[in-house]
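# Summary of structural features
Each chain, written out:
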Amino acid sequence: MEGWLVIDGYEDEPAAFGVPNYLGFHIRYICGVLESRGVPYTYLTIDQWRIKYKQLLKDKSNRDRIRSELSNLSGTVVLAGSIVPGKYVRGTPVSQRELDEIISIIPGQVPILCGGWAIKNWRYSGWTPLRTNLFCAVNDVDSSLNSFLSTGEWKHGKRTKDQWTLWAHHGSISKAVKNHPDLFTVDGRPGPLTYEIELYQGCVRFKRGCKFCIEPKKGVPLWRSEEDILKEISGALDSGVKNIRIGGATDIYTYRAEGVRELEYPIPNPEPINKVLHGAREDDRLDILHVDNGNPSIIAENIEPSTEITKCLVENLSDGAVLSFGLESADPYPHVHKMNWLNCDPGQLKIAIKHINDFGRVKGERGLPKLLPGLNFIAGLNGETKNSYDLNLSLLEDLRSEGLWLRRINIRQVEGQGFQKISENDFRNFKKKVREEIDKPLLEEIFPIGSELSQIWWESQGDRIRRPEQVDNPVLSSSSIHGKSGITFGRQIGAYPILVGVPYLIPLETSSDIVVTGHGMRSISGVEIGLDINTVSQQQLESIPGIGKKAAWRLISSRAKASRSSKIPFDSVEIAFEMAQVDLSPIAEKVLSI
């Protein structure tokens, strides 16, 4: 291996997401530096590193061989940007322990650049790796890399506006995109890669933003031009990208807003964001288009211009789009809300949620509502009491009583110093009640039994987390396993997709349409549409509501008898059920065919 090694440890920040199947923008800017200078490099995701080296490193006898393999490197960059705790289906961000292992195996003469918000957090918590030739960037990793390539010296720096544009455009055609394992499947089909694009940097609440959030620390928003963004999107599509989420912003409604420096609630400016949305959608190569964060207080205090933006979102986005709303706590003044400088109160939140429901509940071609709000709660904020959880639950009950939909409710604990210790018992009880009393009924309304969802991408077998050993395993992606005993999990491509579980094996890295058959608290179960009655397995039949083990066995037995006298046992689904003396349920009628 020669040139530079760029390791994508994945990022998960309030306004940046790069855990597969998403590809973050900070790692692309790093590769954009190397591309713009013509510097050779290799791009690896942390999962590719794990697959290639993790097992080998367990045997100490392999370490010298691996060091020799890496000795010709010009340098190494590791991005570790995950500071928001979460569970991931398709990939897991690099851990501090794994980073220590990477640092220890890279030969001492090879310079290492580490960066991302996780690095800052770990350094703040006392992480001090003992090695020479190691530099931890405090600001923009790409800027530090560029300085080193120019001068041979490390320094902290921030990219200029011109560098931002240059590295973003080169990053869109870089190896981070073209060599990403999710861009194409091993047999050349389009993969599930979703390209996260940065709309702007910073936060309109830069003067007094939420205390727990890193975005206000980035200062007054720095806007990218509409032309700049659309040119990057075009470059990504040239590289084979099909799916894009316009993220990298604390609030899509305040892109190029009026009065950012003067007003508490800047006034949304519909024209620029509408130009970006229309411009992206006009390219026929684009499939899924989604966005990320919205500020409910901005919507509530500026209904008229917000309505124009909301209509444009519904018109141009793919169905299944979600606007993440950060309430964090329903505890009012002068308690949690004021002590933590939160951005939205429950009254503003209700107005914004109703507004999005008014326009976004209509379902699109994939079977999903066009646009729904998501809601974030954070536990451990200063001033929090047991009553805070009761107020949060009461708010959710009010939203339910009004028939309003939330696509997902995110509940997590605050990260960082300066916050109070949470009551684990109160936190668990609140989370349990939300999942059982709010989440599950919401899923039953949004995804009723018998409803159809298309283009489910199958990602893991056995459990909902895809393990490294499942990646590129030809057995797990073989058509020969289809219908055998087991369980398969998948999701539609897009923002906060619902997890779908099917009680039999489906080849991984393929897609299917399904009918909903049941509901969990944060997931649904289903069965594929288009199962051939003449080849369907007993396991697949048992997964269809209305067909139990005995009925499935009668259908299989009847088919075996009929096949003795005919190459095609059944001429129709109705005949098959009639011969087996089994009632044909509505869902069986939907999913089975000839």
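Let me sum up the structure you'll find in this document.

How each quantity is defined
- Residues numbered from 1 in each chain as written.
- Predicted model: local features only at pLDDT ≥ 70, side-chain atom pairs only at ≥ 80, totals over all residues.
- Heavy atoms only, no water.
- Helix = DSSP H or I, 4+ residues; strand = E, 2+ residues; numbered from the N terminus.
- Buried < 20%, exposed > 50% of the residue type's maximum accessible area, 1.4 Å probe, protein only.
- Contact = heavy atoms within 4.5 Å.
- Areas by Shrake-Rupley, 256 points an atom, 1.4 Å probe, with all protein chains shown as cover.
- Pairing = 2+ DSSP bridges.
- Axes fitted to C-alpha atoms, helices over the stretch in contact; angles between N-to-C directions.
- Expected span 1.5 Å × (residues − 1).
- Salt bridge = Lys/Arg side-chain N within 4 Å of Asp/Glu carboxyl O.
- Polar contact = N/O pair within 3.5 Å; in protein donor to acceptor, adjacent residues only side chain to side chain.
- Core = buried A, V, L, I, M, F, W, Y, C linked by side-chain atoms within 4.5 Å.
- Patch = residues over 30% accessible without salt bridge, like charges linked within 9 Å, V, L, I, M, F, W, Y side chains within 5 Å.
- Lys, Arg positive; Asp, Glu negative; His and termini not counted.
- Charge placed at Lys NZ, Arg CZ, Asp CG, Glu CD.
- Phe/Tyr/Trp six-rings, centres within 6.5 Å; stacked < 30°, edge-to-face > 60°.
- Lys NZ or Arg CZ within 6 Å of the ring centre and 35° of its normal.

### Concerning the overall build of the protein
- Counting its regular elements, the protein contains 20 helices and 23 strands.
- With the C-alpha coordinates of the protein rotated into their principal frame, the extents come out at 80 × 60 × 50 Å.
- Per-residue burial for the protein yields a buried fraction of 59% across its 594 residues.
- Within the protein, counting contacts between residues at least 6 apart in sequence, those at least 24 apart form 74% of the total.
- When the accessible surface of the protein is split by element, carbon and sulfur atoms take 50% of a total near 24300 Å².

### Some details on the sheet that holds strand S16 (residues 408-413)
- Pairing in this open sheet of 4 strands is parallel, and the strands run S13-S14-S15-S16 from one edge to the other. One side of each edge strand has no neighbouring strand; the edge strands of this open sheet are strand S13 (293-294) and S16.
- Where strand S14 (residues 321-328) and strand S15 (residues 371-379) come together, 7 bridges link them in parallel fashion. Across the sheet, the residue bridging to Phe325 is Leu375, located in S15.

### Brief notes about the sheet that holds strand S20 (residues 511-519)
- Taken in spatial order, the 5 strands close into a barrel running S17-S18-S19-S21-S20, and their pairing is mixed. Across the sheet, the mean angle separating the axes of adjacent strands is 55° when strand polarity is ignored.

### Some thoughts on helix H5 (residues 117-124)
- Of all the residues in H5, the buried ones are Trp117, Ala118, Ile119 and Trp122.
- Contact partners of the buried residues in H5: strand S1 (3-13), strand S5 (73-82), helix H4 (96-105), strand S6 (112-115) and strand S7 (134-136).
- Gly126 occupies a position one or two residues after H5 and carries a positive phi of about 105°.

### Side note on helix H10 (residues 270-281)
- Between the first and last C-alpha of H10 there are 16 Å, a value that for 12 residues agrees with the 16 Å anticipated at 1.5 Å per step.
- Here H10 has its buried residues at Pro270, Pro272, Ile273, Asn274, Val276, Leu277 and Ala280.
- Here the buried face of H10 lies against helix H9 (226-238), strand S11 (243-247), strand S12 (288-291) and helix H12 (303-316).

### A closer look at the pattern of salt bridges
- According to the stated counting rule, one finds 29 salt bridges in the structure shown.
- Arg224 is the salt-bridge partner of Glu232, the closest N and O atoms lying 2.8 Å from each other.
- Overall, Glu232 belongs to the buried group, its relative accessible area being 0%.
- Given the relative accessible area of 1%, Arg224 is considered buried.
- What you see here is one network of salt bridges that share partners, running through Arg90, Asp182, Glu459, Arg466, Arg491 and Glu509.

### Topic: the side chain of Arg50
- Locating Arg50 in the fold gives a position in helix H2 (residues 46-57).
- The class of Arg50 is buried, set by a relative accessible area of 9%.
- Separated by 2.6 Å, the side chains of Arg50 and Glu98 make a polar contact.
- Those residues in contact with Arg50 that sit more than four places away from it in its chain are Gln55, Thr92, Pro93, Val94 and Glu98.

### Examining the pairing of strand S4 (residues 41-45)
- Burial runs high along S4: 4 of the 5 residues are buried.
- Across 5 bridges, the pairing between S1 and S4 is parallel. Paired with Asp8 across the strands is Thr45, a residue of S4.

### Some points on the nonpolar core
- With 131 residues, the main nonpolar core has Ile244, Leu313, Phe577 and Leu592 as its most contacted residues.
- Other than its neighbours up to four places away in sequence, Phe577 contacts Ile533, Ile547, Leu555, Val582, Asp583, Leu584, Ala588 and Leu592.
- Ile66, Ile103, Ile119 and Trp127 belong to the second-largest nonpolar core, a separate cluster that totals 33 residues.

### Let's talk about unusual backbone geometry
- The amide bond that connects Pro20 to the next residue, Asn21, takes the cis arrangement and shows omega of 15°.
- With respect to the helices, strands and loops of the structure, Asn21 is situated in the loop between strand S2 (16-17) and strand S3 (22-23).
- Unusually for a residue other than glycine, Asn133 sits at a positive phi of about 60°.
- Inspection of the secondary structure assignment puts Asn133 in the loop between H5 and S7.
- Relative accessible area serves as the criterion here: at 36%, Asn133 is assigned to the partly exposed category.
- The backbone of Arg256 shows a phi angle near 55°, a positive value even though the residue is not glycine.
- Position of Arg256 among the secondary structure elements: in the loop between S11 and H10.
- Assessed through its relative accessible area of 29%, Arg256 is described here as partly exposed.

### What to know about the pairing of S11
- Counting buried residues along S11, 5 of its 5 residues qualify, which places the element largely inside the surrounding structure.
- Burial along S11 is two-sided: the face carrying Asn243, Arg245 and Gly247 and the face carrying Ile244 and Ile246 are both buried.
- Where strand S8 (residues 194-198) meets S11, 5 bridges bridge the pair, whose relative direction is parallel. Its bridge partner lying in S11, Thr194 is registered against Asn243.

### A look at the side chain of His355
- With respect to the helices, strands and loops of the structure, His355 is situated in helix H14 (residues 346-360).
- Those residues in contact with His355 that lie beyond four places of it in its chain are Ile299, Ile303, Ser306, Thr307 and Thr310.

### Things to note about a positive patch on the surface
- Positive charge collects at one region of the surface, where Lys87, Lys431, Arg464 and Arg522 lie side by side.
- Along the chain, Lys87 turns up in the loop between S5 and H4.

### Brief notes about the packing of aromatic side chains
- Evaluation of the coordinates by the stated rule reveals 12 aromatic pairs.
- An angle of 10° between the planes, with centres 4.0 Å apart, marks the rings of Phe148 and Trp154 as stacked.
- Owing to a relative accessible area of 16%, Phe148 belongs among the buried residues under this scheme.
- Ring plane angle 90° and centroid distance 5.7 Å describe the contact between Phe377 and Phe430, whose orientation is recorded as edge-to-face. With Phe377 in strand S15 and Phe430 in helix H16 (residues 424-446), this residue pair connects regions lying 53 residues apart in the sequence.
- A network of ring pairs unites the aromatic residues Trp4, Phe135, Phe148 and Trp154 as a single cluster.
- Positioned above the aromatic ring of Tyr41, the side-chain terminus of Lys175 is 4.7 Å from the ring centre.
- Between the NZ or CZ atom of Arg361 and the centre of the ring of Trp405, over which it lies, the distance is 3.8 Å.

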